[in-house]
There are 2 protein chains.
Amino acid sequence: MNTRRAQILDAAAMLISRQGFSATSVEDVIRESGLSGKSHFYHYFRSKEELGYEVLDRQFERFAERGLAILREPMIDPLERLHLFIDALVAAQAERGCQGGSPFGSLAAELADAHEGFRQRIALVFERWANQIQSLLWEARPYLVEDVDSGRLSRFIIATLEGALLMSRVKRDISVLEGIAIDLKRFVGMHVREQARQAQAA
Amino acid sequence: MNTRRAQILDAAAMLISRQGFSATSVEDVIRESGLSGKSHFYHYFRSKEELGYEVLDRQFERFAERGLAILREPMIDPLERLHLFIDALVAAQAERGCQGGSPFGSLAAELADAHEGFRQRIALVFERWANQIQSLLWEARPYLVEDVDSGRLSRFIIATLEGALLMSRVKRDISVLEGIAIDLKRFVGMHVREQARQAQAA
DNA sequence: TGACATTAGGACCGATCGGTCCTAATGTGT
DNA sequence: ACACATTAGGACCGATCGGTCCTAATGTCA
């Protein structure tokens, strides 16, 4: 059944985001998802690698639904949406008690150099994420100064968020992330036209 | 002898920065450093964990000597020094072919949640790094606007650099890091007083 | 040359890893 | 009741992991 696969995927996603991919054994996944044994697992997945790929896909889907969706909300001012998105990331990290961070960042650091398949998939995740922000910036273009490099800025935003997630995780201190989020919003605000800024203040 | 230990530490540092800590086996280190066998290694180190701690210490020392030293150069304008430091990080990553990234960021992502001892040590590394930047910003205070939160800004800088290092590693594209470095400098420049900016342009 | 600490060498251990093989239970449609 | 695919269960495999034990070399000072 498909529910069994989903169960395994959920359990694996949790374990991998908490312990990393290599540190999560197939037996951990079996225990967590209530399977009976090795071959029960290998009935649903051809290998641990395949499991990892699917977990990554699933994580991105969820992130797209629950996170990136904020960036696409049609009724809200684009820059306001970006702020909401950042706030949502901060809130999520606070909920996790600063553990686990971005599921992509951790995987990226662990596997980028060691496993080409994962590297490419994670690169794609970052690219799609950047594209979402870029199109938001494009939408906000009337409010922004003329020479904004939206591609570069979108990558900057993601890099800062990923770095901040990592740092708050290492320090186990959400205020680190909160402070960086404030500065990040200020940096984005730096690209807002003077007249638009006055309109927003009004 | 001390040279033997240093040899092992160097070999281990290279392997760990390329493969991660868990993925680097004691036998890898033995092979790379030309030891004869297990007990030869365990003659110099009590455990793999102890090796990891000493490698981290050594990496930070080197980073402090070769990297952070730039932040302390007495004859150069403080903000100029910060730019040089950022450029040096970018150049180092380009030299590595975008592989490996920051030795701390990778370790942080791998071990922050899994190993409390490493987590604390890496947190200390980030703290010392941030302190260096903070005291540079303090030195640059005359040129900066009044309400700069130098602690928060220094953490912002490090987070952005770490995130950018990770991203350029995943994409295997140095231009990602270069672009973010440009924006990061612009953000720092945002805190420069209007009159100081005019003086700098002259 | 002899005594003794340091360094080197290699066999070996228990645990765990990802993965396979074969069989038993449980549907499900006829 | 039948056949047949799906799902479940568990023993087992070779490889690798971190780490130990015991024994040779190799200094190094008297």
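A brief structural summary. Quick caveat, the model's predicted, so the values are computed rather than measured.

1. Some thoughts on the side chain of R169 of chain A
Piece 1. By the element assignment, R169 of chain A lies in helix 8 (residues 150-171).
Piece 2. Only 3.0 Å separates the side chain of R169 of chain A from the backbone oxygen of A109 of chain B, close enough to count as a polar contact.
Piece 3. Aside from chain neighbours lying at most four places away, what touches R169 of chain A is Q93, C98, Q99, G100, G101 and S106 of chain A together with A109, A112, D113 and R119 of chain B.

2. Points about the relation of the copies chain A and chain B
Piece 1. At an RMSD of 0.0 Å, chain A and chain B line up after a rotation of 180 degrees and a shift of 0.0 Å along the axis. The operation mapping one copy onto its partner corresponds to a two-fold rotation axis.
Piece 2. Taken as a fraction of all interface residues of chain A, those also at the interface in chain B reach 100%, which identifies the copy contact as same-surface.

3. With respect to the interface of chain A and chain B
Piece 1. On the chain B side, the residues contacting the 40 residues of chain A number 40 residues.
Piece 2. When the buried surface of chain A facing chain B is broken down by residue, D113, R152 and V170 of chain A rank first, second and third, together holding 18% of it.
Piece 3. Scanning the region where chain A abuts chain B turns up eight salt bridges.
Piece 4. At the junction of chain A with chain B, the criterion picks out 13 residue pairs in polar contact (both at pLDDT 80 or more).
Piece 5. Among the secondary structure elements, those contributing two or more residues to the side of chain A that touches chain B are helix 6 (103-111), helix 7 (116-139), helix 8 and helix 9 (174-189) of chain A.
Piece 6. Here the side of chain A that touches chain B takes 14 residues from helix 8 of chain A, the largest share from any one element.
Piece 7. Partitioned by chemical class, the residues of the side of chain A that touches chain B number 20 nonpolar, eight polar and 12 charged.

4. Section: the packing of helix 8 of chain A against helix 8 (residues 150-171) of chain B
Piece 1. Relative to each other, helix 8 of chain A and helix 8 of chain B sit at 110 degrees, their axes nearing to 7 Å. Taken together, the axes of helix 8 of chain A and helix 8 of chain B are roughly perpendicular relative to one another. For the pair helix 8 of chain A and helix 8 of chain B, the contacting residues are R155, F156, I158, A159, T160, G163, A164 and M167 of chain A in the first and R155, F156, I158, A159, T160, G163, A164 and M167 of chain B in the second.
Piece 2. Looking at the contact of helix 8 of chain A with helix 8 of chain B residue by residue, the class counts come to 10 nonpolar, four polar and two charged.

Calculation notes
- Residues numbered from 1 in each chain as written.
- Chains lettered and ligands numbered in written order.
- Predicted model: local features only at pLDDT ≥ 70, side-chain atom pairs only at ≥ 80, totals over all residues.
- Heavy atoms only, no water.
- Helix = DSSP H or I, 4+ residues; strand = E, 2+ residues; numbered from the N terminus.
- Polar contact = N/O pair within 3.5 Å; in protein donor to acceptor, adjacent residues only side chain to side chain.
- Contact = heavy atoms within 4.5 Å.
- Least-squares fit on C-alpha atoms with pLDDT ≥ 70 in both.
- Buried area = accessible area lost by both parts, 1.4 Å probe.
- Salt bridge = Lys/Arg side-chain N within 4 Å of Asp/Glu carboxyl O.
- Nonpolar A, V, L, I, M, F, W, Y, C, P; charged D, E, K, R; others polar.
- Axes fitted to C-alpha atoms, helices over the stretch in contact; angles between N-to-C directions.
- Parallel < 35°, antiparallel > 145°, perpendicular 65-115°, else oblique.

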